[in-house]
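Remarks on the overall topology
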Amino acid sequence: MELVNLGIKSVFIDNMIFAYFLGMCSFLAVSKKVTTAIGLGAAVVFVLGITAPVNWLVQEYILKEGALTWLSADFAGLNLEFLQFIMFIAIIAAIVQLVEMVVEKFSPTLYGALGIFLPLIAVNCAILGGSLFMVQRDYTLAEAGVFGVGSGLGFMFAIVALAAVREKLKYSNVPDGLKGLGITMLITGLMGIAFKSFIGIAL
Amino acid sequence: MKFIQQAIDKVKPAFEKGGKLEKYYFLFESIETFLFVPKETTLRKGVQIRDGVDLKRFMITVVIALLPALVFGTYNVGYQYYQATGLEPAGSWDLWWIGIQRVVPIVIVSYVFGLFITEFAFSVIRQHPINEGFLVTGILIPMVLPPTIPLWQVAVATVFAVVIAKEAFGGTGMNVLNVALVARAFLYFAYPGFMSGDQVWVYLGGHTPVDGFSGATPLGIVASTVESGQNAVAALLEHGDHYSLGSMFYGLIPGSIGETSVLMILIGAVILMATGVGSWRIIVSGFAGAYLMALLLQVTGVNPYMQMAPVYHLVMGGLAFGIVFMATDPVTASQTNTGKWIYGAMIGVLTIIIRVLNPAYPEGIMLAILFMNVFAPLIDYYVVGANKKRRLKRATV
């Protein structure tokens, strides 16, 4: 039950986009079409879902103060947390590479559509943010996994909705100065108001 | 009327292409067409237009449907004033007078700032005709605000909503979110002290309220039972007879100007559904969604608010007003028929979820509609996609 609550919470209430404003770059850039948005969303779910537990293991057994005692009791005083960022980023980059190869093999069209943004997931702040939140909030391994998948789903939810709105915008008459990113920023702001409906629910 | 027509015809050349005041053509055109509705009629032979409904008639129908609730709301402001201050009205006219003094300025400010300043400016700068869209928005904005709202806030919110939620998208018919609700949400988050709590729903005009007066809305009262553990219906009745189920249906209770009387709103709903202006699918599925969600909570409920009878949810707060007049906005709702069922039902469900489960907001209809406005295009996308798939399967090539 705890895990279900955490999942719901990370999708709706602590939404990566609307509660923390993480991952905005790909959110704004890859939301022109619903199909590509779903592709990117799925990739983010996958990457977040894997990196959060993997990084949890790294944090717990390598980085934390005294984490290396399983190797030898001499390391009890060793604290490698200053390596946290670089380790997390390296792991994320490796897993993104893996996703890229999988996508290229199984769906060349999606691979073409995602283009440069697939490798860029490696530096998507939502992914690193997910890992850092997981450390900060002292999640267990299972919680880290659920949190990763949930946050990814929240991101996917938001980006697919934005893509559908933007497809509808083809019929609008947006002022020239606001076309493209300008109006997208406005929509994001207005969507943020709408997503406020969930902020405050205590699970 | 003849002489107005003649006067307009006389100045018309100045506004037409090449004329002196060409820049203001759309300004002129809006006034002209407002007074003299489409002159085009079909000939006796050839193609017939079955129903010449245009944007203007469409919007006027909504305004007419809104009038019962607005008139009742005006009366209610005065009624609440005399209830709360304990003063004796000399006659029923006094009640109306207080209400008119409060409500009419809000309506005027909303129209002046929305239509005569913002929309006219945009029509001149962007050279697009002024549509009648704001006729409805301009009357919806006052109706979803509490009667104590300062007029400058009405002006700020109206301008914000028209510019950001409507004109930035190209004007009437092109917006994504309901403009009146954006105005309300703007005020709600920018000036929460004027938009929520117990003190804003009854206009007191500087008088001190009578002993035992509580300006709490029914939603505020039932929300407090989560902590006190008291039975929700009993808590309502403790505040007086006007919070019984029937009285809340008639609507002589504190609240936003237009939202209190479910009866008047239902009259509006009948007008909208009979003329086909408002989608009956959204209205029916909205109420059904709210009822079923409340029923589910009642069955599984762990606190008095959850266990409250579902029918109470339908008469409290702005649920009826929102579903009838705001969810049915044809621009921001789902466009497909299947989509409308899903859209309406989700609004009802979300409203109850926000009301009962989110302690941050006593009322959920505003955010629920805005949330579903955002997702309406996505619903349409999948409904259309499913339709395509089904028809492709049927095709025999």
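Residues numbered from 1 in each chain as written. Chains lettered and ligands numbered in written order. Predicted model: local features only at pLDDT ≥ 70, side-chain atom pairs only at ≥ 80, totals over all residues. Heavy atoms only, no water.

1. What to know about the pattern of salt bridges
All chains considered together, the criterion is met by four salt bridges over all chains. A salt bridge links A:Asp176 to A:Lys179, with the nearest nitrogen and oxygen atoms 3.0 Å apart. On the basis of relative accessible area, A:Asp176 is assigned to the exposed category, the value being 66%. Residue B:Glu119 is joined to B:Lys166 by a salt bridge in which the shortest nitrogen-to-oxygen separation is 2.7 Å. Within this pair, whereas B:Glu119 is found in helix 4 (residues 92-126), its partner B:Lys166 is found in helix 6 (residues 151-166), the two being separated by 47 residues in sequence. (Salt bridge = Lys/Arg side-chain N within 4 Å of Asp/Glu carboxyl O. Buried < 20%, exposed > 50% of the residue type's maximum accessible area, 1.4 Å probe, protein only. Helix = DSSP H or I, 4+ residues; strand = E, 2+ residues; numbered from the N terminus.)

2. Focus: the layout of surface pockets
Considering only enclosed or pocket space, the largest pocket measures out at about 870 Å³ in volume. Lining the largest pocket are 38 residues, with A:Lys168, B:Gly173, B:Pro330, B:Val331 and B:Gln335 positioned closest to its centre. Looking at the lining of the largest pocket, the elements that each hand over two or more residues are helix 8 (141-168) of chain A together with helix 3 (55-85), helix 5 (133-143) and helix 18 (365-394) of chain B. For the lining of the largest pocket, the element with the highest residue contribution is helix 18 of chain B, accounting for six residues. Taken together, the residues of the lining of the largest pocket sort by class into 20 nonpolar, twelve polar and six charged. If you add up the space inside the second largest pocket, you get close to 410 Å³. Around the second largest pocket, the lining is made up of 17 residues, and of these A:Ile8, A:Phe198, A:Ile201, B:Ile353 and B:Leu357 lie nearest the centre. Mapped onto the lining of the second largest pocket, the elements with two or more residues apiece are helix 1 (2-13) of chain A together with helix 17 (337-357) of chain B. Tallied by class, the residues present in the lining of the second largest pocket amount to 16 nonpolar, one polar and no charged. (1 Å grid on protein atoms, 1.4 Å probe; cavity = no way out; pocket = protein on both sides within 12 Å on 5 of 7 lines; lining within 4 Å. Points joined across faces, edges and corners; volume = space filled by probe spheres on them. Nonpolar A, V, L, I, M, F, W, Y, C, P; charged D, E, K, R; others polar.)

3. A closer look at the interface of chain B and chain A
In many analyses, interface size is given as the accessible surface area lost on bringing the parts together. Facing 33 residues of chain B, the contacting portion of chain A comprises 31 residues. For the chain B and chain A pair, buried surface summed over both sides reaches about 2,700 Å², with 75% attributable to carbon and sulfur atoms. At the junction of chain B and chain A, the tally comes to zero salt bridges. The interface formed by chain B and chain A holds eight residue pairs in polar contact (both at pLDDT 80 or more) in total. Every element with two or more residues in the side of chain B that touches chain A is listed here: helix 6, helix 7 (179-190), helix 17 and helix 18 of chain B. The element best represented in the side of chain B that touches chain A is helix 18 of chain B, accounting for nine residues. Its residues assigned to classes, the side of chain B that touches chain A comprises 26 nonpolar, five polar and two charged. (Contact = heavy atoms within 4.5 Å. Buried area = accessible area lost by both parts, 1.4 Å probe. Polar contact = N/O pair within 3.5 Å; in protein donor to acceptor, adjacent residues only side chain to side chain.)

4. Comments concerning the packing of aromatic side chains
Throughout the structure, instances matching the rule amount to 28 aromatic pairs over all chains. Seen in terms of ring centroids, B:Tyr111 and B:Phe134 are 6.1 Å apart; in terms of plane orientation they differ by 80 degrees. Their pairing is edge-to-face. Highlighted residues: B:Tyr111 in helix 4 and B:Phe134 in helix 5, separated in sequence by 23 residues. Comparing B:Tyr111 with B:Phe134 shows no difference in burial state: the two are buried. Of the aromatic side chains, those joined through ring pairs into one cluster are A:Phe12, A:Phe18, A:Phe27, A:Phe157, A:Phe195, A:Phe198, B:Phe371 and B:Phe375. The ring of A:Phe133 is capped by A:Arg137, whose NZ or CZ atom sits 4.4 Å from the centre of that ring. (Phe/Tyr/Trp six-rings, centres within 6.5 Å; stacked < 30°, edge-to-face > 60°. Lys NZ or Arg CZ within 6 Å of the ring centre and 35° of its normal.)

5. Regarding empty space enclosed by the protein
Over the atoms, a rolled probe matching the size of one water molecule traces out where space is still vacant. All names here are of chain B. Per the counting criterion, the structure on display carries three cavities of 30 Å³ or more. Put simply, the parts of the chain that give the lining of the largest cavity at least two residues each are helix 7, helix 16 (319-326) and helix 18. Of the residues in the lining of the largest cavity, the class split is eight nonpolar, three polar and three charged. When its volume is computed, the second largest cavity comes out at roughly 50 Å³. Lining the second largest cavity are 13 residues; nearest its centre among them are Asn76, Val77, Pro147, Trp201 and Gly255. Its residues assigned to classes, the lining of the second largest cavity shows eight nonpolar, five polar and no charged.

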